[in-house]
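Architecture at a glance
Letter by letter, the chains look like this.
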Amino acid sequence: MLVIYTGATGDMQVNFNPFTPGSPSTGPIYEPLFFYNTARADPPQPRLGQKFSWNADGTQLSITLRQGVKWSDGQPFTSRDVVFTLDLLAKNKALNTTGYRGKATAVDDTHVSVKFDEPSFVDGPQLLGRIYIVPEHVWKSVADPTTAQMRNPVATGPYLEDDVKPQAYTVKANPSHWGGEPAIKRVRVLSLSGNQAGAAAIRAGQIDWQTGPVPNVKNAEQAYPGYKVIITPVNQMVLDTCSNPDLGCKGPQTDPAVRQAIYYAVNRTQLNALAFENTSSEISPSLALLERDQAFISGRLQNKVAPMQPDEARAQQILEGAGYAKGADGIYAKDGKPLQLTLKTVSGWTDYITAVNALSQQLKKAGIKVTAQQLSFNEWSDARGRGDYELIIDSLSQGPAADPFYVYSYFYGSDTTEKVGKQAGTNVSRFTDPQVDAAIAALKKIDPKDTAARQPQFDTIQTRIEQAMPYIPLLTQGTISVYNATKFTGWPTKEDLYAFPAAWQSPDNSEIFRRLKPTGK
């Protein structure tokens, strides 16, 4: 059995509905058509699909499906299941986190055609790699797929639901998987009290894979004999802000001047040292990755890289220019209301807790009062999705391909947000901007190979989000994973980064489950 810790705390609300945020079923239980490696620019690997092609203008995607696949209840998987799933997304905005807008047709049992009203090349990796296919014969009877509680899921993936308890759930190998029964027969996912408990469990040999900080990470391999460490700088750490008063957000963070002032007041060098053992790195306010996406970062930005040192004078200038005045207590106020905010994080996430406490001290120097609030993971996730927050420390995940378009489409597009009180898709800041929406729409029509045509759109998006800053950039997070190299072989390494090696990242974790082999030790 492989035992993993993803950072979950408190009682887990396990729901095998692949359309609910944070569902553990995406990848191990439900599968996409292809696997896209977000850690490096690999060609997509076939899963339920075998091959695909676009027509010349990007308005039609033709997909050939794998033959002989069966659902876990023995029913055959066919093109009708793919069409049903895509139609389900098209009809339910809350499920459609990828912004799918096509019209799918079953050509025959193993071929699907998806037509779009306009060129849609960039929709390909999302449709093929981020949509998890569900069986029509089961889901056609589900009254509300957005809220359905799914137990005993019927799926095609390499693992099946086995056991669920508040503090752990287990999945078991699917003996009928099209790729053969995985060598790892069971995977157990634990909920612990936090990072310290995770580190203690590694020290005791009780877990085999954890993604999260460990003390003295530079010497972790000596501290935990038999374990290895891999650090991958992919996700971008930010302060989510519920930014849009038109969609119901309330609080000082709805003022762009406040968000800008926070951006300049953060001491990122200190934050990296205190909270992240210097495993994180610089970040761009464009939210494009500084190394991978350097060619896309606009020359029109005020800063290509967020300042690592605080600029309190700039923060002061911005706030006072927006009508704030500092009181006798050193805290700014406007219209009689002090500039104070609540910053939420997850109880037990020690690195984020340290970061939040450091931020509170740093921002106090700039006249902004920030009160830290710790929540269970479920409470944090619910507040984030429904917009019940002022600030939340978070990280923005990358899309299915090495292209900043997906970060913009996921987190800045109007299509993926909702009013406060309703579960948003990925755009939890509830940011809306017609110019950004238009640029995202334009990028969808341009072949990604035409970089000259794309750059003006990137310029628009990046300059607009640098001004509005609905997600305040902190650092590019070095994602730390510790894994047991004695009990299991086949882990991704720096030399063979075949998947993003984070225990919580789907479908990458499923790809790793499939490749691991027990050593018998």
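Residues numbered from 1 in each chain as written. Predicted model: local features only at pLDDT ≥ 70, side-chain atom pairs only at ≥ 80, totals over all residues. Heavy atoms only, no water.

As a further point, take the sheet that holds strand E4 (residues 49-54). Pairing is antiparallel across the open sheet formed by 4 strands, whose spatial order is E4-E5-E7-E6. The outermost strands of the open sheet, each flanked by one partner alone, are E4 and strand E6 (103-108). Mean inter-strand twist for the sheet, computed between neighbouring axes without regard to direction, equals 20°. Sheet strands touched by helix H1 (residues 79-91): strand E5 (60-65), E6 and strand E7 (111-115). Its angle to E6, the strand with the most contacts, is close to 175°. Sheet strands touched by helix H2 (residues 123-130): E4, E5 and E7. Its angle to E5, the strand with the most contacts, is close to 25°. (Pairing = 2+ DSSP bridges. Helix = DSSP H or I, 4+ residues; strand = E, 2+ residues; numbered from the N terminus. Axes fitted to C-alpha atoms, helices over the stretch in contact; angles between N-to-C directions. Contact = heavy atoms within 4.5 Å.)

This part takes up the sheet that holds strand E10 (residues 186-190). Taking strand neighbours across the sheet as the criterion, the 10 strands line up as E8-E9-E10-E1-E11-E19-E12-E18-E16-E17 in an open arrangement whose pairing is mixed. The strands lining the two open edges of the sheet, one partner per strand, are strand E8 (159-165) and strand E17 (369-375). Ignoring strand direction, the axes of neighbouring strands in this sheet form an average angle of 25°. As paired elements, strand E9 (residues 168-173) and E10 share 5 bridges and run antiparallel to each other. Bridge pairing links Thr170 to Arg188 in E10. Packed onto the sheet, helix H7 (residues 268-276) meets strand E12 (227-241) and strand E19 (471-484) and runs at close to 25° relative to E19.

Attention now goes to H7. Those residues of H7 lying buried are Arg268, Leu271, Asn272, Ala275 and Phe276. Viewed end-on, H7 has its buried residues packed into an arc of 100°, placing them on one side of the element. Close packing links the buried residues of H7 with E12, helix H6 (256-265), helix H9 (350-365) and E19. For H7, the capping residue at the N-terminal end is Asn267, with a side-chain oxygen 3.3 Å from the backbone nitrogen of Thr269. Count one or two residues on from H7 and you reach Glu277, which has phi positive near 50°. (Buried < 20%, exposed > 50% of the residue type's maximum accessible area, 1.4 Å probe, protein only. Arc of directions from axis to C-beta. Polar contact = N/O pair within 3.5 Å; in protein donor to acceptor, adjacent residues only side chain to side chain.)

Once that is clear, we can look at the UniProt feature "domain: Solute-binding protein family" (unreviewed entry) in the chain. The UniProt feature table records "domain: Solute-binding protein family" (unreviewed entry) at residues 44-416. Helix makes up 27% of residues 44-416 and strand 24%, whereas the separation of the span's terminal C-alpha atoms amounts to 25 Å. (UniProt positions renumbered as here; feature names shortened; annotations may be inferred.)

One pass over the structure, following the stated rule, counts 28 aromatic pairs. On the numbers, 5.6 Å between centres and 55° between planes, the contact of Trp54 with Phe121 is tilted. Of the two residues, Trp54 sits in strand E4 while Phe121 sits in the loop between E7 and H2, which places them 67 residues apart along the sequence. Take Phe121: its relative accessible area is 15%, and that puts it in the buried class. With a centroid separation of 5.9 Å and an interplanar angle of 80°, the aromatic rings of Phe411 and Tyr471 are classed as edge-to-face. Taken as a pair, Phe411 in helix H11 (residues 405-412) and Tyr471 in strand E19 lie far apart in primary sequence, 60 residues in all. The class of Tyr471 is buried, set by a relative accessible area of 1%. Clustering of aromatic rings is evident, with ring pairs tying together Phe296, Phe405, Tyr406, Tyr408, Tyr410, Phe411, Tyr412, Phe431, Phe458 and Tyr471. A cation sits over an aromatic face here: Arg66 above Trp178, 3.8 Å from the ring centre. (Phe/Tyr/Trp six-rings, centres within 6.5 Å; stacked < 30°, edge-to-face > 60°. Lys NZ or Arg CZ within 6 Å of the ring centre and 35° of its normal.)

This part is about the layout of surface pockets. Vacant regions in the atomic arrangement are exposed by a probe of water-molecule size rolled over the atoms. When its volume is computed, the second largest pocket comes out at roughly 580 Å³. Forming the boundary of the second largest pocket are 24 residues, of which Tyr36, Pro125, Ala401, Tyr406 and Pro448 lie nearest the centre. In terms of residues, the lining of the second largest pocket owes the most to one element, H2, which gives 3 residues. Looking at the lining of the second largest pocket residue by residue, the class counts come to 16 nonpolar, 2 polar and 6 charged. (1 Å grid on protein atoms, 1.4 Å probe; cavity = no way out; pocket = protein on both sides within 12 Å on 5 of 7 lines; lining within 4 Å. Points joined across faces, edges and corners; volume = space filled by probe spheres on them. Nonpolar A, V, L, I, M, F, W, Y, C, P; charged D, E, K, R; others polar.)

The subject of this paragraph is unusual backbone geometry. The omega torsion across Ser506 and Pro507 is 0°, close enough to zero to call that bond cis. Residue position: Pro507 is located in the loop between strand E20 (488-489) and helix H14 (508-515). Positive phi, close to 50°, is recorded for Asn152, a residue that is not glycine. In this structure, Asn152 sits in the loop between helix H3 (136-139) and E8. Phi angles above zero are rare outside glycine, and Leu287 is one such case at about 60°. Checked against the element boundaries, Leu287 lands in the loop between H7 and helix H8 (312-321).

Our focus in this paragraph is empty space enclosed by the protein. Counted according to the given criterion, the structure contains 5 cavities of 30 Å³ or more. In this structure, the largest cavity occupies an estimated 80 Å³ of space. In terms of lining, the largest cavity is formed by Gly27, Glu31, Pro32, Phe35, Arg47, Pro507, Ser510, Glu511 and Arg514. In terms of residue count, H14 provides more of the lining of the largest cavity than any other element does, 3 residues in total. By residue class, the composition of the lining of the largest cavity is 3 nonpolar, 2 polar and 4 charged. In this structure, the second largest cavity occupies an estimated 60 Å³ of space. Residue lining of the second largest cavity: Lys93, Ala94, Asn96, Thr97, Asp415, Thr416, Thr417, Glu418, Gln423, Ala424 and Gly425, and that is the complete set. Residues that form the lining of the second largest cavity fall into these classes: 2 nonpolar, 6 polar and 3 charged.

Orientation of H11 relative to helix H12 (residues 434-445), taken along the N-to-C sense of each, is 135°, at an axis distance of 10 Å. Relative to H12, H11 is oriented oblique. With respect to the hand of their crossing, H11 and H12 are arranged in left-handed fashion. Contacts between H11 and H12 pair Phe405, Tyr408, Ser409 and Tyr412 from the former with Val436, Asp437, Ile440, Leu443 and Lys444 from the latter. Its residues placed into classes, the contact of H11 with H12 shows 6 nonpolar, 1 polar and 2 charged. (Parallel < 35°, antiparallel > 145°, perpendicular 65-115°, else oblique. Left-handed = near helix turned anticlockwise from the far one by under 90°.)

Let us now look at the state of the cysteines. Scanning the model with the defined rule gives 1 disulfide in all. At a sulfur-sulfur separation of 2.2 Å, the disulfide partner of Cys242 is Cys249. Looking along the S-S bond of the Cys242-Cys249 disulfide, the torsion reads about -75°, which is the left-handed sense. We note that Cys242, like Cys249, is buried. (Disulfide = S-S within 2.5 Å.)

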